Amino acid sequence: MTPQATSSASGEQQHWGIVGGGMLGLTLAHLLRRRGATVTIIERAHHLGGLASAWSLADVTWDRFYHVILPTDKRLRSLLRELDLEQEIRWVETRTGCYADGRVHSVSNAIEFLRFSALSMLDKLRIGATLFYGSRIRDGRRLEQILVSDWLVRWSGRRAFQRFWLPLLRSKLGDSYREASAAFIWAVIRRLHGARHSGLKREMFGYVPGGYARILERFSDRLLASGVRIDVGKQVRKVACCRDGIEVLLDDRSTRIFDRAIVTSPTPITAELCPGLSPDEHARLRSVQYLGVICASVLTTGFGTGFYVTNLLDDELPFTGVIETSAIVKREHLGGHSLLYLPRYTTEGDPYLELTDAEIRERFLTALEGMHPDFRREDILAFRVARAGRSICGRSCVGGARCAGRFCGRALWRRRPRWLRRSPSRWCLGWPTAPCGPWWTARC
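As the structure is a prediction and not an experimental result, all values here were calculated from the model.

Let us now look at the environment of Gly-21. Mapped onto the elements, Gly-21 comes out in the loop between strand E1 (15-19) and helix H1 (23-34). For Gly-21, a relative accessible area of 0% gives the class buried. As a C-alpha pair, Gly-21 and Val-232 span 211 residues in sequence and 8.1 Å in three-dimensional space. Not counting chain neighbours up to four residues away, the residues in contact with Gly-21 comprise Leu-26, Ile-41, Ile-42, Glu-43, Leu-48, Gly-49 and Gly-50.

The structure is reproduced here in structure tokens:
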């Protein structure tokens, strides 16, 4: 049966090919198989997970990039419930640090923030009012037409913007912050506000013992047991319509034929893989900008800051934050050691993209020693650098899309099968745009 003749009301008795074995691809395979479809996942890497995948640090296996579960992550928690893992989530009260004026300050609750000496009392009150107001906005679509810098200056004031907000925006978006809409900071405020409890607003983060390595192992086992075929180490070269359905060409020149195909790659790669799309669709796909990331994992014998996140307000640091996973994950799950992540989000032309791992190690460790004089290099058990050229959708642009999955418009999204419209397919671990033959299942 050709794609055009297939009923859009049911995924049953169809063979679906999913390009990409990240969390999005695995979740779509799970949903499709549950509807009775035959499903094959094709993944370029020799392992599943994408940005959620794990690796080894000395005798410890943990996430390549840092991850945490928030109480408001309802879709992820729903998935973990289906995998019989939700009850194993460990919820931990976290502490937050802020590096300013050459030292680390604790800003873990409202009282500590009011004592934060790097800002005036007026600036702190206006920042607090901005956070409160942002957390009360239910629909951020109207903020897509306002620059994030204009919105933050309006509510927090120019001085607070320059001293507090601007370093944080640059750490996440680089100079792209100039084009970002206020919907970006609104989404951050809303998600983090959901992690806070009453009273002094204690921040609660969670993790599954074993990290994403355990989640992915359980997920892949369940998919295989349900009949999903998983092919790893297969590079897709082309996805196109053919007489029998959708043809997927692999790098070994072999082909796979499916009734439907979903591509979960970053949108510029999707444009390359699907030459049969219209010029307008290609232009839309290529217009979405992404950020890259360089993320160093540092496993040490005992060093720790006590803060899960340390935000950086001082300039000239080579990384954009310090994430101490061992501040929330019990060290017994990390071999008794301490695990830090030092991320640097990158845009095109960032000089750090040209550095070797050894050069990154030297610059990152020198800066960490400057921040924490008690940090000693001889305590390091492992130092590894992970890189992702397109880690997240670069920004929420004024007048543009909030994410890679929404840019192609609501009309295209409505052309997916009705049952898939009702499915909880909004996964933000790898921004999805998914051409399904004549359909687009585009959502983030």
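Back to the write-up after that little detour.
Let us look at helix H6 (residues 158-173). Residue pairs three or four apart in sequence face the same way in an α-helix, which turns once every 3.6 residues. Compared with the 22 Å implied by 1.5 Å per residue over 16 residues, the 19 Å span of H6 between its first and last C-alpha is markedly short. Its maximal kink placed at Trp-165, H6 deviates by approximately 45°, while the proline Pro-167 follows within four residues. Inspection of H6 places Ala-160, Phe-161, Phe-164, Trp-165, Leu-166, Pro-167, Leu-168, Leu-169, Ser-171 and Leu-173 among the buried residues, and these make up the whole buried set. Close packing links the buried residues of H6 with helix H4 (121-136), helix H5 (148-156), helix H7 (182-193), strand E14 (290-300), strand E15 (309-312) and strand E17 (338-346). Looking one or two residues past H6, Gly-174 carries a phi angle of roughly 60°, positive in sign.

Summarising the element assignment, Lys-124 is placed in helix H4. Buried charged residue Lys-124 carries no salt bridge. Nearest counter-charge: Asp-123, at 9.0 Å. Every residue in contact with Lys-124, bar those within four places of it in the chain, is listed here: Phe-113, Leu-114, Arg-115, Phe-116 and Leu-119.

In total, this model carries 18 salt bridges according to the counting rule given. Its salt-bridge partner being Asp-84, residue Arg-222 comes within 2.8 Å of it at the nearest N-O pair. Of this pair, Arg-222 sits in helix H8 (residues 211-226) while Asp-84 sits in the loop between helix H2 (74-82) and strand E5 (90-93), placing them 138 residues apart in sequence. Assessed through its relative accessible area of 33%, Arg-222 is described here as partly exposed. Taking relative accessible area as the criterion, Asp-84 reaches 40% and is therefore assigned partly exposed. A network of salt bridges, in which partner residues are shared, links Arg-77, Arg-81 and Glu-86.

Below, the discussion takes up the packing of aromatic side chains. Tallying each qualifying case throughout the model produces 10 aromatic pairs. Between the aromatic rings of Phe-303 and Phe-375, the centroid separation amounts to 5.2 Å while the plane-to-plane angle is 75°, which identifies the pairing as edge-to-face. Taken together, the positions of Phe-303 in the loop between E14 and E15 and Phe-375 in the loop between helix H11 (357-371) and strand E18 (380-393) put the pair 72 residues apart, joining distant regions of the chain. An identical accessibility class is assigned to Phe-303 and Phe-375; each is buried.

Time to look at the sheet that holds strand E2 (residues 38-43). The 4 strands lie next to each other as E9-E2-E1-E13, forming an open sheet whose pairing is parallel. Whereas interior strands pair on both sides, the edge strands pair on one side only; in this sheet they are strand E9 (229-232) and strand E13 (260-263). Averaged over all adjacent pairs, the angle separating strand axes in this sheet is 15°, with direction ignored. Sheet topology note: the E2/E9 ladder contains 4 bridges and is parallel.

Scored by pLDDT, the chain has a mean of 85; 83% of the residues are at 70 or more. Considering only residues more than four positions removed or in separate chains, one finds that residues 4-9, a stretch of pLDDT under 50, has 13 contacts. For residues 400-444, every residue scores under 50 in pLDDT, and the model assigns this stretch 134 contacts once sequence neighbours within four places are set aside.

A separate point is the sheet that holds strand E11 (residues 245-250). The 3 strands are arranged E10-E11-E12 in an open sheet whose pairing can be described as antiparallel. If you trace the sheet from one side to the other, it starts and ends with strand E10 (236-242) and strand E12 (255-258), each paired once. Sheet twist, expressed as the average angle between the axes of neighbouring strands with direction ignored, equals 20°. Examined bridge by bridge, E11 and E12 share 4 bridges and lie antiparallel to one another. Looking at E12, one finds that Val-248 is bridged to Arg-256.

Before going further, it helps to examine the nonpolar core. Phe-116, Leu-152 and Phe-161 are the most contacted members of the largest nonpolar core, which has 31 residues in total. Breaking this core down by element, the ones donating at least two residues are strand E6 (96-100), H5, H6 and H7. Top contributing element to this core by residue count: H6, with 8 residues. Ranked by size, the runner-up nonpolar core spans 29 residues in total, among them Ala-37, Leu-76, Leu-83 and Val-208.

Analysis parameters
One numbering rule holds for all chains: residues counted from 1, following each sequence as written. For a predicted model such as this one, the threshold for reporting local features is a pLDDT of at least 70, and the threshold for listing and counting side-chain atom pairs is 80 or more; totals across whole chains, interfaces and linings nevertheless cover every residue. Excluding hydrogens and water, the side-chain figures rest on all heavy atoms present in the structure. Numbering of helices and strands starts at the N terminus; helices are DSSP runs of H or I of at least 4 residues and strands are runs of E of at least 2. Each residue is placed in one exposure class: buried if its accessible area under a 1.4 Å probe, protein chains only, is under 20% of its type's maximum, exposed if it is over 50%, and partly exposed if it falls in between. Contacts are assigned to residue pairs with any non-hydrogen atoms lying within 4.5 Å of each other. Given a helix with a known number of residues, its expected span is that number minus one, times 1.5 Å. The angle between axes fitted to the seven residues ending at a residue and the seven residues starting there is what we call the bend at that residue. Neither His nor the chain ends contribute to the count of charged residues, in which Lys and Arg are positive and Asp and Glu negative. Salt bridge, as applied in this entry: a Lys or Arg side-chain nitrogen positioned within 4 Å of an Asp or Glu carboxyl oxygen. Only centres within 6.5 Å qualify two rings of Phe, Tyr or Trp (six-membered ring in Trp) as a pair; their planes then separate them into stacked at under 30 degrees, edge-to-face at over 60, and tilted for everything else. Whether two strands pair comes down to DSSP finding at least two bridges between them. What counts as an axis is a line fitted to C-alpha atoms, over the stretch in contact for a helix, and the angles between N-to-C directions run from 0 to 180 degrees. pLDDT gives the predictor's per-residue confidence on a scale running from 0 to 100. Joining through side-chain atoms within 4.5 Å is the link that ties buried Ala, Val, Leu, Ile, Met, Phe, Trp, Tyr and Cys residues into a set, and such a set is a nonpolar core.

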